[in-house]
Amino acid sequence: MTQATIARAVQVSGIGLRTGAISDVWLEPAAEDAGVLFYVGDVCVPARVDAVVDATLATTLGKGAVRVALVEHLLAACLAAGIDNLIVRLTGEEVPILDGTALGWLGAFARAGRRLQGAPARWWTVAAPVTVESGGSHATLLPADELELDVTVDFAHPHIGAQRWTGRPLASFGADLAWARTFGFRRDAERLQALGIVRGASLDNTLVFDDDAPMNPGGQRTADEVVRHKALDALGDLALLPGRPRVRLVAHRGGHALHHALLRAVP
Ligand SMILES: [Zn+2]
């Protein structure tokens, strides 16, 4: 199996979750062994765990003073689309939230097409299980023949509670995970909006839970939409590895910070 990039450049526009401002993204083909590279002006920020500078609400990469926020949904779609090498040019410092899912990115990769390259694909695995724990959360990476996820959440909320998603996400990404929306809680939203952290958040891009029910018209897409979005986010964080993952990720009450700590803990 060989590496792949996209066949032609495509543009995607949308508002940023943090700024609320429209930003444009260009996805462009990249050379063999380049990996995924974000460009803000002339500054190149690689999609690697050692470039992570923040994990509050979303995965943010950085170099010097430059930031690239909310990379995870784009990176999850990139992994699922089988794209190893990609240039992502941004006009702002965050990837647009679009509709809060990975569907827009999957569509962009479909429009862009896939071009095989000559170099052999790079794979990445662990030699032995690696576990990290934090508070009531834990995550483990185990060797596997194919990428597998086993993700559980446990929210003390009448519409969420304990949920689990387990499966092979690359084969079933479009059907199982790509449509699951970013979610949050109204009580947090008011505080975050007051702080100016989520100016772009709305019911168009976020599944928002009131104290007893979802506020979005139509409610949840499935009763387990929350854990499916968690699995989508986990996939996006695994895309920060330097190769296609051949691991099983078990994550309980995880989040971006826990995922990054796990990747960093691999010897
Ligand atoms: Zn997400």
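Rules and cut-offs
Residues numbered from 1 in each chain as written. Predicted model: local features only at pLDDT ≥ 70, side-chain atom pairs only at ≥ 80, totals over all residues. Pairing = 2+ DSSP bridges. Helix = DSSP H or I, 4+ residues; strand = E, 2+ residues; numbered from the N terminus. Axes fitted to C-alpha atoms, helices over the stretch in contact; angles between N-to-C directions. Buried ≥ 20, exposed ≤ 12 C-beta atoms within 10 Å, placed from the backbone. Core = buried A, V, L, I, M, F, W, Y, C linked by C-beta atoms within 7 Å. Domains from an automatic or database assignment. Contact = placed C-beta atoms within 7 Å. Nonpolar A, V, L, I, M, F, W, Y, C, P; charged D, E, K, R; others polar.

1. Some words on the sheet that holds strand β7 (residues 60–63)
Picture the strands of a sheet paired through backbone hydrogen bonds; they go either parallel or antiparallel.
Next up, step 1: The strand order β6-β7-β8 describes an open sheet built from three strands, whose pairing is antiparallel. The open sheet has two edge strands with one neighbour each: β6 (52–54) and β8 (66–68). Within the sheet, the average angular offset between the axes of one strand and its neighbour, ignoring direction, is 45 degrees.

2. Quick notes on unusual backbone geometry
Next up, step 1: One non-glycine residue, L98, lies in positive phi territory at about 50 degrees.
Next up, step 2: Among the structural elements, L98 can be located in the loop between β9 (86–90) and α2 (103–112).
Next up, step 3: For L98, a count of 24 C-beta atoms within 10 Å puts it in the buried group.
Next up, step 4: For R253, which is not glycine, the phi torsion reads 55 degrees and is therefore positive.
Next up, step 5: Looking at the secondary structure, you find R253 in the loop between β19 (247–252) and α6 (256–265).

3. Overview of the nonpolar core
Next up, step 1: With 78 residues, the main nonpolar core has A77, C78 and L235 as its most contacted residues.
Next up, step 2: Composition of this core by domain shows at least three residues from each of domain 1 (2–122) and domain 2 (124–265).
Next up, step 3: Not counting chain neighbours up to four residues away, the residues in contact with A77 comprise A102, W105, L106, F109 and A178.

4. Remarks on the sheet that holds strand β2 (residues 10–15)
Next up, step 1: Strand order across the open sheet formed by five strands is β2-β3-β9-β4-β5, with mixed pairing between neighbours. At either margin of the open sheet sits one strand with a lone partner, and together these are β2 and β5 (43–46). Along the sheet, successive strands turn relative to each other by an average axial angle of 25 degrees, direction set aside.
Next up, step 2: In this sheet, β9 lies alongside strand β4 (residues 36–40) in parallel orientation, the contact comprising five bridges. Residue V36 lies in a different strand from β9, and its bridge partner there is L86.
Next up, step 3: Most of the contacts of α2 go to β2, to which it runs at about 165 degrees, and overall it touches β2 and β3 (22–29).

5. Describing the domain arrangement of the protein chain
Next up, step 1: For the protein chain, the domain assignment lists domain 1 (2–122) and domain 2 (124–265).
Next up, step 2: Computed from C-alpha coordinates alone, the two centres of domain 1 and domain 2 are separated by 19 Å.
Next up, step 3: Taken together, the 33 residues of domain 1 in the interface contact 32 residues of domain 2.
Next up, step 4: If you list the elements that add at least two residues to the side of domain 1 that touches domain 2, you get α1 (72–80) and α2.
Next up, step 5: Across the side of domain 1 that touches domain 2, the residue classes tally to 20 nonpolar, eight polar and five charged.

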